[in-house]
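Remarks on the overall topology
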Amino acid sequence: MKKIAIVILNWNGAKLLQQFLPSVLSYSQEATIYVADNASTDESISVLKTQFPSIKIIKNSSNFGFAQGYNECLKFVEEEIYCLVNSDIEVTENWLAPILELFDKNEKVAIIQPKILDFKEKAYFEYAGAGGGFIDRFGYPFCRGRIFDSIEKDNGQYDDVKMIFWASGACFFIRKKVFRELEGFDADFFAHQEEIDLCWRSHNLHYETYYCGFSKVYHLGGGTLSNTNPRKTFLNFRNSLFMLVKNLPTVHLIWILLIRMILDGIAGIQFLFQGKFSHFTAIIKAHFYFYALLVKMFRKRKNNQQSNYYFTTSIIYHYFIKKEKIVVDKFNNSLS
């Protein structure tokens, strides 16, 4: 058995598989490659069987989304390290070796992401992950190389290895034993920010998450839901609140949630003034779903929340007030 399993979750992505699987096959000799199919209704399975016969297929019985979809299929994957890769990722030569070296050097390293660049504009970082993820005190995620909608050009500024808070689900490496200890992704999230929640729970158990800039992949992005889709807005706002309830230290939980409610309301008003009515209603819907599941999320809390989860007090303050749109490494870093 090989040490690493590359597992690609697919739903009606036959064209993406045809476009992006060749690079994975060419540059991943160290790994066993799986495609986990979320009950696709297109020709995905026939494409895999006829054009990529060496790839192992795992069939989920329904479209479980990202979170439960991976939870279901990974029950059947026994390699030591899981590499969860979106179907719209192009990998590069020698991309696995630096990741494996980092895992081998430090047993506390549980999760790693590579440098993620934009497939459409390859000189730039890509929105979902870029040079490694962090959150501020209020749970807003951002990345080295991407803060809100400001995306940096890759000039080698993040060609390093650095401890981060969360790794992108677009290309997410995790030790099998840690994934199973954490009982996988939270299926109630369905999709979006479930990887941040998993990294936060890992952090609460004193495992470490790293960015490895010497491994590089290109991400198309928006293959399932684009940034303009109200469904994505709904999932992001709802799941962020879920994550806070599950993982915030008790002493900070109520006041941070109250501030987030206000900030979410401001975001909703902004969408309203922009004429994005469907996104405005998506935020309202997200909050109603959050209230309906609040007790369930609270029951998922553990007693090991860490107070040093955030990178900066408020990324909104840095970005919108101080106009600091790049180079997050200069911020006051409570994780270092």
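These lines cover the structure that appears in this document, whether it is placed above or below.

What counts, and at which threshold
Residue indices follow the written sequence of each chain, beginning from 1 at its first position. Confidence filtering applies because this is a predicted model: local features only for residues at pLDDT of at least 70, side-chain atom pairs given and counted only at 80 or more, and all residues used for totals across whole chains, interfaces and linings. To obtain the side-chain values, all non-hydrogen atoms of the structure were included, while hydrogens and water were left out. Just to be clear on terms, a salt bridge is a Lys or Arg side-chain nitrogen sitting within 4 Å of an Asp or Glu carboxyl oxygen. Note on conventions: DSSP H or I runs of at least 4 residues are helices, E runs of at least 2 residues are strands, and numbering of each starts at the N terminus. Definition used in this section: a nonpolar core is a set of buried Ala, Val, Leu, Ile, Met, Phe, Trp, Tyr and Cys residues joined via side-chain atoms within 4.5 Å. For every residue, the accessible area (1.4 Å probe, protein chains only) is compared with the maximum for its type, and the residue is labelled buried under 20%, exposed over 50%, or partly exposed between those bounds. It only takes one pair of heavy atoms within 4.5 Å for two residues to be counted as in contact. What counts as a ring pair is set by centres within 6.5 Å for rings of Phe, Tyr and Trp (its six-membered ring), and what kind of pair is set by the plane angle: stacked under 30 degrees, edge-to-face over 60, tilted for all other angles. Strands qualify as paired when DSSP identifies two bridges or more between them. Here a cavity denotes grid points, spaced 1 Å and computed from the protein atoms alone, that fit a 1.4 Å probe unable to get out, and a pocket denotes an open set having protein on both sides within 12 Å along at least 5 of 7 lines; residues with an atom within 4 Å of a point are the lining. Grid points are joined across faces, edges and corners, and a volume is the space filled by probe spheres set on the points. In this classification, Asp, Glu, Lys and Arg are treated as charged, Ala, Val, Leu, Ile, Met, Phe, Trp, Tyr, Cys and Pro as nonpolar, and every other residue, Gly included, as polar. For helices, the fitted axis covers only the stretch in contact; all axes are lines through C-alpha atoms, and the angles between them, taken along N-to-C directions, range from 0 to 180 degrees. Our angle categories are set so that under 35 degrees counts as roughly parallel, over 145 as roughly antiparallel, 65 to 115 as roughly perpendicular, and the remainder as oblique. Here a helix's expected span is defined as the number of its residues, less one, multiplied by 1.5 Å. Our arc is simply the arc of the directions from the helix axis toward the C-beta atoms.

Right, let's get into the pattern of salt bridges. With the rule as written, the count across this model stands at 19 salt bridges. With a closest N to O distance of 3.8 Å, D118 and K120 form a salt bridge. Here K300 makes a salt bridge to D188, at a shortest N to O gap of 2.6 Å. Of this pair, K300 sits in the loop between helix 10 (294–299) and helix 11 (315–321) while D188 sits in the loop between helix 5 (176–181) and helix 6 (194–204), and the two are 112 residues apart along the sequence. Within this structure, D186, D188, D197, R201, K246, K296 and K300 form a network of salt bridges that share partners.

Before going further, it helps to spend a moment on the nonpolar core. Counting residues in each nonpolar core, the largest one holds 72 residues, and the members touching the most others are V7, Y70, L74, F172 and F185. Ignoring anything within four residues of it in the chain, the contact list for F185 reads F66, A67, Y70, N71, L84, F172, F179, E194, E195, L198 and R201. Of all hydrophobic cores here, the second largest spans 34 residues; its members include V24, C83, I116 and C171.

This next bit is on helix 4 (residues 97–105). The set of residues buried in helix 4 consists of P98, I99, L100, L102 and F103. Next to the buried residues of helix 4 lie strand 1 (4–10), strand 4 (81–85), strand 6 (109–118), strand 11 (161–164), strand 12 (171–175) and strand 13 (208–219).

Now for the packing of aromatic side chains. Overall, the coordinates contain 24 aromatic pairs when judged by the stated rule. Between F172 and F185, the aromatic rings sit 6.0 Å apart at their centres with planes inclined by 55°, giving tilted as the arrangement. Separated by 13 residues along the polypeptide, F172 in strand 12 and F185 in the loop between helix 5 and helix 6 bring together distant segments of the chain. Given a relative accessible area of 0%, F172 falls into the buried group. F185 gets classed as buried once you look at its relative accessible area, which sits at 3%. Centre to centre, the rings of F290 and Y291 are 5.8 Å apart; their planes meet at 55°, and the pair counts as tilted. Take Y291: its relative accessible area is 44%, and that puts it in the partly exposed class.

Here is the key point about a regular strand: its side chains alternate between the two faces of the sheet. Strand 6 sits mainly inside the fold: ten of its ten residues count as buried. Inspection of the sheet shows strand 6 paired to strand 13 by nine bridges, in the parallel sense. When the sheet's bridge partners are listed, I116 is paired in strand 13 with V217. The pairing of strand 6 with strand 12 spans two bridges and is antiparallel. Residue I112 lies in a different strand from strand 12, and its bridge partner there is F173.

For the rest of this paragraph, the subject is the layout of surface pockets. It is the rolling of a water-molecule-sized probe over the atoms that shows where space remains empty. Roughly 340 Å³ of internal volume is contained in the second largest pocket. Lining the second largest pocket are 16 residues, and of these L182, E183, R201, K300 and K302 lie nearest its centre. Residue assignment for the lining of the second largest pocket shows that the elements contributing at least two residues are helix 6 and helix 7 (230–247). Counted by class, the lining of the second largest pocket contains four nonpolar, five polar and seven charged residues.

With their axes 10 Å apart at the nearest point, helix 6 and helix 7 run at an angle of 10° to one another. Classed by the angle they form, the pair helix 6 and helix 7 counts as roughly parallel. Facing helix 6, whose interface residues are I196, D197, W200, R201 and N204, helix 7 presents M243, L244, K246 and N247.

With that out of the way, let us pick up helix 9 (residues 277–292). Compared with an ideal rise of 1.5 Å per residue, which puts 16 residues at 22 Å, helix 9 spans 23 Å between its outermost C-alpha atoms and is within 8% of the ideal. For helix 9, the complete set of buried residues consists of H279, A282, I283, A286, H287 and F290. Down the axis of helix 9, the sector holding all buried residues measures 135°, keeping them to one side. Residues of helix 9 that are exposed and point over 90 degrees away from its buried face: F277, F288 and A292. Each element contacted by the buried residues of helix 9 is listed here: helix 7, helix 8 (250–273) and helix 10.

Purely spatial values, then, with no claim about function.
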